[in-house]
Amino acid sequence: MQPALRIGVLALQGATAAHTEALSRLGADAVTVKLPSDLEGIDGLVLPGGESTTISFLLDSSGLREPLATRLAAGMPAFGTCAGMILLATDVLDGRPDQQSFGVIDLAVRRNAFGRQLDSFEADLAVRGLEAPFHAVFIRAPGVESAGPGVEVLAEVDGRPVLCRQGAIMVSAFHPELTDDLRLHEMFLDSFDRREVST
Ligand code: GLN
């Protein structure tokens, strides 16, 4: 039997516990990442929802930004949800001037794109590769304004991409960890198998 995948959950701020639980339920060895040394030995990383401005600030103060950027540039798989999507995108609109992203998925993302008065909403998404719809919870969600040619759009709301993948990087504008449905975490973990087969 193959050893379990060791997946870090970036735990500087935001919705981390439900991700850890979902990954553990799928048989992964889920560990929280707060310090550079926590990156050692992880196979992939989940960047959770929260406030991208705060997480960006804490990436600097924790010393995580540089080693994490190096791992991502080397091809480490990552799944960014909501604020995590913002942190992985190449371009951020309506961001704070001092917030920075890793730029590993070719997306222009607008913060709080679905309107302030509509802070949260839910939608049943048709997701490419899944048979039944996925019930998605959006909370002050970012919106994709444009996606580069290398980006696969896996689900949309009103014609706007909300679940995307480019190589080893997967992002959702919503919070897949807030329902009992493990299929998107499973899709993320399955991408590791694909990678191993292709190498
Ligand atoms: N609006 C938040 C941000 O810009 C994201 C919200 C979320 O992660 N639920 O970072």
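Note that this is a predicted model, so its numbers are computed, not measured. (Residues numbered from 1 in each chain as written. Predicted model: local features only at pLDDT ≥ 70, side-chain atom pairs only at ≥ 80, totals over all residues. Heavy atoms only, no water.)

**What to know about helix α1 (residues 17-25)**
Now for step 1: Within the span of α1, buried status applies to H19, T20, A22 and L23. An end-on view of α1 places all buried positions within 165° of arc, on one side of the element.
Now for step 2: Following α1 by one or two positions, G27 adopts a phi angle in the positive range, close to 95°. (Buried < 20%, exposed > 50% of the residue type's maximum accessible area, 1.4 Å probe, protein only. Helix = DSSP H or I, 4+ residues; strand = E, 2+ residues; numbered from the N terminus. Arc of directions from axis to C-beta.)

**Things to note about the sheet that holds strand β1 (residues 6-10)**
Now for step 1: Strands sit in the order β2-β1-β3-β4-β12-β11-β10 across an open sheet of 7 strands; the sheet is mixed. For this open sheet the edge positions go to β2 (29-33) and β10 (152-157), each flanked by a neighbour on one side alone. When strand polarity is set aside, the average angle formed by the axes of neighbouring strands in this sheet is 20°.
Now for step 2: Here strand β4 (residues 78-81) pairs with strand β12 (residues 169-172) via 4 bridges, running parallel. The residue bridging F79 from the neighbouring strand is M170, located in β12. (Pairing = 2+ DSSP bridges. Axes fitted to C-alpha atoms, helices over the stretch in contact; angles between N-to-C directions.)

**Concerning the site of the ligand**
Now for step 1: Around the ligand, the neighbouring residues are G49, G50, E51, S52, C82, A83, I86, R111, N112, I139, R140 and H175.
Now for step 2: A distance of 2.7 Å is found between a nitrogen atom of the ligand and a side-chain nitrogen or oxygen belonging to N112.
Now for step 3: Between a nitrogen atom of the ligand and a side-chain N or O atom of H175, the distance comes to 2.8 Å.
Now for step 4: Taken by itself the ligand offers 300 Å² of open surface, and the protein chains cover 97% of this.
Now for step 5: Within the shell around the ligand, the residues separate by chemical class into 4 nonpolar, 5 polar and 3 charged. (Near = heavy atom within 4 Å. Polar contact = N/O pair within 3.5 Å; in protein donor to acceptor, adjacent residues only side chain to side chain. Areas by Shrake-Rupley, 256 points an atom, 1.4 Å probe, with all protein chains shown as cover. Nonpolar A, V, L, I, M, F, W, Y, C, P; charged D, E, K, R; others polar.)

**A closer look at helix α3 (residues 65-73)**
Now for step 1: Listed as buried for α3 are R65, L68 and L72. Mapping the buried residues of α3 onto a view down its axis gives an arc of 70°, with all of them on the same face. Looking at α3, the residues exposed on the side facing more than 90 degrees away from the buried face are E66, T70 and A73.
Now for step 2: The inward-facing, buried residues of α3 contact β3 (44-47), α2 (52-61), β4, α4 (83-88) and β12.
Now for step 3: Directly beyond the C-terminal end of α3, a positive phi value near 100° is found at G75. (Contact = heavy atoms within 4.5 Å.)

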